[in-house]
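Fold and geometry: a report
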Amino acid sequence: MAASSRMEIEKMSVEQLRGLKEQADMEVNLFQDSLNNIRTATARLELASTALHDLSLRPQGKKMLVPLTASLYVPGMLDDAEKVLVDVGTGYFIEKTMAEGKDYCERKISLLKSNYDQLLEVATKKKSIADEAGAVLQAKLKHMAPAQ
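Conventions adopted
Residues numbered from 1 in each chain as written. Predicted model: local features only at pLDDT ≥ 70, side-chain atom pairs only at ≥ 80, totals over all residues. Heavy atoms only, no water. UniProt positions renumbered as here; feature names shortened; annotations may be inferred. Patch = residues over 30% accessible without salt bridge, like charges linked within 9 Å, V, L, I, M, F, W, Y side chains within 5 Å. Areas by Shrake-Rupley, 256 points an atom, 1.4 Å probe, with all protein chains shown as cover. Salt bridge = Lys/Arg side-chain N within 4 Å of Asp/Glu carboxyl O. Lys, Arg positive; Asp, Glu negative; His and termini not counted. Charge placed at Lys NZ, Arg CZ, Asp CG, Glu CD. Buried < 20%, exposed > 50% of the residue type's maximum accessible area, 1.4 Å probe, protein only. Helix = DSSP H or I, 4+ residues; strand = E, 2+ residues; numbered from the N terminus.

As annotated in an unreviewed UniProt entry, the protein carries the name Prefoldin subunit 5 and comes from Rehmannia glutinosa. Per UniProt, the comment on the protein under Sequence similarities (unreviewed entry) is "Belongs to the prefoldin subunit alpha family."

And the structure:
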């Protein structure tokens, strides 16, 4: 943290420091939740990309289980491995070629990883502000304790 920010924090009252620490801690928790969501989405897209690759290696007419939900599968047969449906969100699907489907997954993974890195940087800064405010608050409380 910059020296000027450190001086500004040291000038704050105990109540202001408590408020700053609480707010920074809440924001850090929100950032952690967002980071977890991004990690989950990235993992799902990586699984989808792997599934597309595996699907492209199967011959036409191959019998397989088709997932309808996370726990419900029905028997099916591979008709055309060159055309896939891509879930673009909120219940919308777009038919794409296998190459376009793989490219879509890779672009989304790249975007999520970029967002993850940016969010991690912001979360780290907020965490350092919360830690700094906590340290200054503890020092002020310790300094006030003998006076009482």
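**Some words on a negative patch on the surface**
A contiguous patch of negative charge, built from Asp79, Asp80, Glu82 and Glu95, is present on the exposed surface. Given a relative accessible area of 57%, Asp79 falls into the exposed group.

**Details of the pattern of salt bridges**
As enumerated under the stated definition, the model contains six salt bridges in all. Note that Asp103 is salt-bridged to Arg107, the shortest N-O span being 3.0 Å. Here Asp103 and its partner Arg107 are both found in helix H3 (residues 98–144), four residues apart, which amounts to about one turn of the helix. A relative accessible area of 41% means that Asp103 is categorised as partly exposed. Owing to a relative accessible area of 48%, Arg107 belongs among the partly exposed residues under this scheme. Its salt-bridge partner being Asp131, residue Lys127 comes within 3.1 Å of it at the nearest N-O pair. Placement of the pair is Lys127 and Asp131 together in helix H3, with a separation of four residues, close to one helical turn.

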